Amino acid sequence: MTGTTIKVEGLVEVDAAVESLAQHAGDMRSLATAISTAWYVKEKGWLDSGGRGSFPGLTEEYAKTKAQKYGEQPILKASGAMDEALTGKDSPDSVYLVTENELTVGVAGRSGQIASYHQKGEGNLPARHVYDDLIIDEFKSEELGLIAVGELTEYARSISLRVV
């Protein structure tokens, strides 16, 4: 009777690679740059389009005052500080915190106060949502998974796993 011998090579290496991939996937720090960059692009598009046309216009009186003080800036842009803080992590008023389990982006300081006024609408100021549920939901459903898969695929290839 002839026996069959099966020899498995590289099992230790495969186990190590899969373990490394699992650790990488569970650590938000490895995905933070890609996720935040995509979020800032999405947020910038939202702000630049005036909430896709949903932001109420300025009153005639305020439009004149704003033009005198800041020039012909669009709605939600005066000095540009709030826009910069909402659309990137390098502004002094940007909030960008990354832990193993969480990524937080936001806005603080004077820009945060102004963003809050716009988000809620106060006094004569109508609400112009700088963070809108629509784009948050779109981002979560359309982009977040693709970013994670892309980043994990890149990492898997970097540790010599074949991705098909």
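This text follows the structure it describes.
Not measured: the values here are computed from a predicted model. (Residues numbered from 1 in each chain as written. Predicted model: local features only at pLDDT ≥ 70, side-chain atom pairs only at ≥ 80, totals over all residues. Heavy atoms only, no water.)

Caption draft 1: Helix H5 (residues 109-120), seen in detail. The end-to-end C-alpha distance of H5, which contains 12 residues, comes to 17 Å, matching closely the 16 Å that a straight helix rising 1.5 Å per residue would cover. Taken residue by residue, H5 has Ser 111, Gly 112, Ala 115 and His 118 as its buried positions. Within H5, the buried residues cover an arc of 125° as seen down the axis, which keeps them to one side. Exposed and oriented more than 90 degrees from the buried face of H5 are Arg 110 and Lys 120. (Helix = DSSP H or I, 4+ residues; strand = E, 2+ residues; numbered from the N terminus. Expected span 1.5 Å × (residues − 1). Buried < 20%, exposed > 50% of the residue type's maximum accessible area, 1.4 Å probe, protein only. Arc of directions from axis to C-beta.)

Caption draft 2: Structural view of the pairing of strand S1 (residues 94-98). When S1 meets strand S2 (residues 103-107), the two strands line up antiparallel, connected through five bridges. The residue of S2 that forms the bridge with Leu 97 is Thr 104. Linking S1 to S2, which pair antiparallel, is a turn of four residues. (Pairing = 2+ DSSP bridges.)

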